[in-house]
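# Structure at a glance
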Amino acid sequence: MTSEAVPIRTVVVDDDFMVARLHSSTVARLDGFEVVGVASTGGQALAMVKDKRPDLVLLDVYLPDLTGLEVLRRLRGIGVDCDVIVISAARDLDSLRQAMQSGVYQYLVKPFELEELRRRLDEYARHRARMRGQDPGTTVEQEEADRLFRTGSSGRSRTSLPKGISAETVQLVSGALATAGDDGLSATECGEAVGIARSSARRYLEYLVESGAADVRHRYGSAGRPERRYQRAAQ
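- The name an unreviewed UniProt entry assigns to the protein chain is Transcriptional regulatory protein, from the organism Knoellia flava.
- Under the UniProt heading Subcellular location (unreviewed entry), the note attached to the protein chain is "Cytoplasm".

The structure is reproduced here in structure tokens:
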């Protein structure tokens, strides 16, 4: 970061004191970031974000008073448009859908290595720098629009996704795998969970296998072809 660069003002929200301190110290050590507040409840988070007007909020879902998603809805309702990275143990698809609908930048599922948080923050900083480099009145062509958008969980630009694969559905299918048990999901089960056709679910699941985000195994029944079962790749 140059001496003239403005740091990314960040608020950390987590009800676990040790986790909040760990995430805050991680953010503070990154070049180009500044921690301007730490909150442990939804009420504190609302007041702090209104007062500090940060660029970025690292937001937990499970808080003692309001959920992080309710905090996010209230902030959006009063016109606060700061960027948000959800960092939570909440793995249910409904939480993921709500977060996506509220325009979160990324959704990071606990537990994870701190290096993963650093990587996501570095990606966010580069994305923000690209956005700040654009004149607000500038018109862009499709290629530039694709470059500025990102998939969220994977960090790939939309131009890197195969034709017919959307970043939003990749997130939903990934979320379904994250909440599946040890037996994983079939394409049919995944389609039902996400709300898409079996054939579409199969296409997305195979894409995640090819990209290394999922594993597949065969379950043999008493008759017929073996069933393909998909699981999130081991971390």
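After presenting the structure, the write-up continues.
## Focus on the overall build of the protein chain
- In terms of regular secondary structure, the protein chain is built from nine helices and seven strands.
- Going through the 235 residues of the protein chain one by one, you find that 42% of them count as buried.
- Of all intrachain contacts in the protein chain linking residues separated by at least 6 positions in sequence, the fraction that spans at least 24 positions is 59%.

## Here we look at the sheet that holds strand β5 (residues 106-109)
- One open sheet holds the five strands; their spatial order is β2-β1-β3-β4-β5, and the pairing between them is parallel. Among the strands making up the open sheet, the edge pair consists of β2 (33-39) and β5. With strand direction ignored, the average angle separating the axes of adjacent strands in the sheet is 20°.
- Direction of pairing for strand β1 (residues 8-13) relative to β2: parallel, over a ladder of six bridges.

## A word on the UniProt feature "modified residue: 4-aspartylphosphate" (unreviewed entry) in the protein chain
- Following the UniProt record, the feature "modified residue: 4-aspartylphosphate" (unreviewed entry) maps to Asp60 here.
- Structurally, the position occupied by Asp60 is in the loop between β3 (56-59) and α3 (68-77).
- When residues no more than four places from it in sequence are discounted, the contact partners of Asp60 are Val13, Asp14, Asp15, Gly68, Ile87, Ser88 and Lys110.

## A look at unusual backbone geometry
- Even without being a glycine, Arg53 presents a positive backbone phi close to 50°.
- In this structure, Arg53 sits in the loop between α2 (42-52) and β3.

## Here's the deal with the pattern of salt bridges
- Throughout the structure, instances matching the rule amount to 17 salt bridges.
- Its salt-bridge partner being Asp14, residue Lys110 comes within 2.7 Å of it at the nearest N-O pair. Within this pair, whereas Lys110 is found in the loop between β5 and α5 (114-132), its partner Asp14 is found in the loop between β1 and α1 (17-29), the two being separated by 96 residues in sequence. Across the pair, Asp14 and Lys110 agree in class, each one buried.
- The salt bridge partner of Arg126 is Asp122, with a shortest N-O separation of 3.1 Å. Of the two residues, Arg126 and Asp122 are both situated in helix α5; the distance of four residues between them amounts to about one turn of the helix.
- Three or more residues joined by partner-sharing salt bridges are found here, namely Asp183, Glu189, Arg217, Arg219, Glu227 and Arg229.

## Some points on the nonpolar core
- Within the largest apolar cluster, 45 residues are counted, with the highest numbers of intra-cluster contacts made by Val13, Val57, Val84, Tyr107 and Cys190.
- Counting residues in each nonpolar core, the second largest holds 13 residues, with Leu58, Ile87, Leu117 and Leu121 among its members.

The rules behind these values
Residues numbered from 1 in each chain as written. Predicted model: local features only at pLDDT ≥ 70, side-chain atom pairs only at ≥ 80, totals over all residues. Heavy atoms only, no water. UniProt positions renumbered as here; feature names shortened; annotations may be inferred. Helix = DSSP H or I, 4+ residues; strand = E, 2+ residues; numbered from the N terminus. Buried < 20%, exposed > 50% of the residue type's maximum accessible area, 1.4 Å probe, protein only. Contact = heavy atoms within 4.5 Å. Pairing = 2+ DSSP bridges. Axes fitted to C-alpha atoms, helices over the stretch in contact; angles between N-to-C directions. Salt bridge = Lys/Arg side-chain N within 4 Å of Asp/Glu carboxyl O. Core = buried A, V, L, I, M, F, W, Y, C linked by side-chain atoms within 4.5 Å.

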